[in-house]
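# Remarks on the overall topology
Residue strings, one per chain:
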Amino acid sequence: VQAYRLLVKKMQQENMNYPLHLGVTEAGEAEDGRIKSSVGIGTLLQDGLGDTIRVSLTEEPEAEIPVCKVLVDRLINKSLTKIIKTHNIPYDPFFYSRRTTINMANMGVDNVPVVFGDLSKLKSISYNDLNSFGYIYSKSKDKWHISDQAIDYLYIGSLKIDFEIPGTLCIVQDYESLEKKDKHYPLFKSNSMGKINKKTLSFIMIDSQNAILQDFSTFQNSILILKTNNEHRLASIRRFFIKCIDESILNPIIVKNSYVNIKENKLLIDASTDFGGLLIDGFGDGLWIDSEHNKSFINEISFGILQASRSRISKTEYISCPSCGRTLFDLQETTSKIRSKLDHLKGLKIGVMGCIVNGPGEMADADYGYVGVGKGKISLYKGQEVVKTNIPELSALEALIDLIKINGDWKEVSEV
């Protein structure tokens, strides 16, 4: 995103008023590919940049057009929305820098963004209700299994939890229902801020439109949860972050976006654009996706957005091309096989490229690369260096695993 912005700036300086094409190279497949494309292309479109787009997925070409359509259709009603003007930008939009905040409750500039879950609409909460959020309870061992994609905060509204919660989970309750338990924190709405005990940690739900006029300087122990009713969430919420920079408001801020009556594929793309654009600008200390869809799906999207924006790494990263006439092996099948063997290697970046022409350059930041060099032949890379070449395709995956082991980056599934 920053690279495209710099390009546009240079074009303006040179009076090069040409149409601009947008694309995210080697986005990959499935949800990850769609999230990466939305974080990159969607953000730029919302900023008014881009005249044509191309979504490149490691899938059949016809799967790419529906993603493009959702991204573009978001702009159709732009003229019907009140324009949000920001005259001065007190941050550098061309280079990433996280907004300065106070460190509070494992939130803030020195911590990765947190993820919120929501069970407030249930009638009661059981152990199994936490499964979708990355917490699996073993009754026989009386122990919680905590995944790499486990939420950090759970909002339960006026409900109560009658069992011992996992040690890494914190609970947020409506202040009227707050229980005096460890890791339980009250949530106030902006019209009840007068009831906040300013000496203890609390959360305040605010709207980006009204919050522009509010003073938060005396609420130094409060974490803000920021939402908006504006159709173009990214611009509205970004404007509030700019206010925070201008007025030295250092409270951590959770961004909450609600998506109602929306299909899963559109939810994924819209949320990735809305949250991803903010994270790329260094805004947001956590995210909260509010939707009626399956909680596991929402949780996967949340961590996927953080991964795509490089804000929080919770799984293996794949860089894979969309395939072309130079690809001499089944790229989709191969990528799927590689995922099945390497998906537990959190933090590693694996490039899967169909050919030697563009592959090495487009996977330049990968830790390891799997590149087709001829019919049935594969070369393996460590970083940008070729370490093995002309390996038969049938043994290339095992050779890749051996290469990862030799370099000390391999873990058995049981170790994760």
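Heads up: these notes are all about the structure in this document.

Conventions adopted
Residues numbered from 1 in each chain as written. Predicted model: local features only at pLDDT ≥ 70, side-chain atom pairs only at ≥ 80, totals over all residues. Heavy atoms only, no water. 1 Å grid on protein atoms, 1.4 Å probe; cavity = no way out; pocket = protein on both sides within 12 Å on 5 of 7 lines; lining within 4 Å. Points joined across faces, edges and corners; volume = space filled by probe spheres on them. Helix = DSSP H or I, 4+ residues; strand = E, 2+ residues; numbered from the N terminus. Nonpolar A, V, L, I, M, F, W, Y, C, P; charged D, E, K, R; others polar. Polar contact = N/O pair within 3.5 Å; in protein donor to acceptor, adjacent residues only side chain to side chain. Contact = heavy atoms within 4.5 Å. Buried < 20%, exposed > 50% of the residue type's maximum accessible area, 1.4 Å probe, protein only. Lys, Arg positive; Asp, Glu negative; His and termini not counted. Salt bridge = Lys/Arg side-chain N within 4 Å of Asp/Glu carboxyl O. Pairing = 2+ DSSP bridges. Axes fitted to C-alpha atoms, helices over the stretch in contact; angles between N-to-C directions. Core = buried A, V, L, I, M, F, W, Y, C linked by side-chain atoms within 4.5 Å. Left-handed = near helix turned anticlockwise from the far one by under 90°.

Take empty space enclosed by the protein next. Under the definition given, this model contains 2 cavities of 30 Å³ or more. Computed from the structure, the largest cavity encloses a volume of approximately 90 Å³. Taken together, Asp32, Ile35, Lys36, Gly304, Gln307, Ala308, Lys315, Thr316, Glu317, Tyr318 and Arg339 form the lining of the largest cavity. Looking at the lining of the largest cavity, the elements with two or more residues in it are helix H2 (30-46), helix H7 (295-308) and strand E13 (317-320). Residues belonging to the lining of the largest cavity are distributed by class as follows: 3 nonpolar, 3 polar and 5 charged. If you add up the space inside the second largest cavity, you get close to 30 Å³.

Right, let's talk about the side chain of Lys349 for a bit. Along the chain, Lys349 turns up in strand E14 (residues 349-353). Only 3.3 Å separates the side chain of Lys349 from the backbone oxygen of Asp365, close enough to count as a polar contact. With residues up to four places along the chain from it excluded, the contact list for Lys349 reads Arg310, Glu317, Asp365, Ala366, Asp367 and Tyr368.

Another point: the environment of Val357. Tracing the chain through its elements places Val357 in the loop between E14 and helix H9 (359-362). The sequence separation of Val357 and Val373 amounts to 16 residues, and the corresponding C-alpha distance is 8.8 Å.

So, on to the side chain of Asp118. Of note, Asp118 is situated in strand E3 (residues 114-118). Buried charge without a salt bridge: Asp118, with Lys121 as the nearest opposite-charge side chain at an N-O distance of 4.2 Å. A polar side-chain atom of Asp118 sits 2.7 Å from a polar atom in the side chain of Ser120. Residues within four places of Asp118 in sequence aside, it is in contact with Phe133, Leu154, Tyr155, Trp288, Asp290 and Lys295.

Moving on, we come to the sheet that holds strand E15 (residues 368-374). Read across the open sheet, the 5 strands follow the order E13-E14-E15-E16-E17; overall the sheet is mixed. Single-partner strands in this sheet number two, and they are E13 and strand E17 (385-392). Strand after strand, the sheet turns through a mean of 20° between neighbouring axes, direction not considered. Here 5 bridges tie strand E16 (residues 377-382) to E17, and the two strands are oriented antiparallel to one another. Pairing of Lys377 across the sheet is with Pro392, part of E17. Across the sheet, helix H8 (residues 331-342) touches E13, E14 and E15, and the angle it forms with E14 is around 160°. Set on the sheet, helix H10 (residues 393-406) makes contact with E14, E15, E16 and E17; between it and E17 the angle comes to about 150°.

Okay, the nonpolar core next. Core analysis: the largest hydrophobic core is formed by 75 residues, its most contacted members being Leu154, Phe240, Ile289 and Ile305. Among all residues touching Ile289, those that are not within four sequence positions of it are Asn257, Tyr259, Leu267, Ala271, Phe275, Ile298, Ile301, Ser302 and Ile305.

The space that makes up the largest pocket amounts to roughly 710 Å³. Along its surface, the largest pocket is lined by 25 residues, and Val1, Val24, Thr25, Ala308 and Arg310 are the ones closest to its centre. At 5 residues, the largest contribution of residues to the lining of the largest pocket is made by H2. A breakdown of the residues in the lining of the largest pocket according to their chemical character gives 13 nonpolar, 6 polar and 6 charged.

What follows deals with the pairing of strand E9 (residues 202-207). Of all 6 residues in E9, 6 are buried; the element is thus mostly enclosed. Of the two faces of E9, the one holding Ser202, Ile204 and Ile206 and the one holding Phe203, Met205 and Asp207 are both buried throughout. Relative to E9, strand E8 (residues 184-189) is paired through 3 bridges, and the arrangement is parallel. Residue pairing across strands places Lys189 opposite Met205, the latter belonging to E9. Looking at chain direction, E9 and strand E10 (residues 222-227) are connected through 6 bridges and run parallel. Paired with Ile206 across the strands is Leu226, a residue of E10.

Quick look at the packing of H2 against helix H6 (residues 264-280) now. Across the interface, H2 lies against H6 with an axial gap of 7 Å and an inter-helix angle of 60°. Crossing handedness for the pair H2 and H6: right-handed. Here Glu31, Arg34, Ile35, Ser38, Val39, Gly42, Thr43 and Gln46 of H2 come into contact with H6, specifically with Leu268, Ile269, Ser272, Thr273, Gly276, Gly277 and Ile280. Within the contact of H2 with H6, the residues separate by chemical class into 5 nonpolar, 8 polar and 2 charged.

Among the 5 residues in E14, 5 count as buried, and that is most of the element. The alternating pattern of E14 places Lys349, Gly351 and Met353 on one face and Ile350 and Val352 on the opposite face, and all of these are buried. Note: E13 against E14, 4 bridges, orientation parallel. For Glu317, the partnering residue across the bridge sits in E14 and is Lys349.

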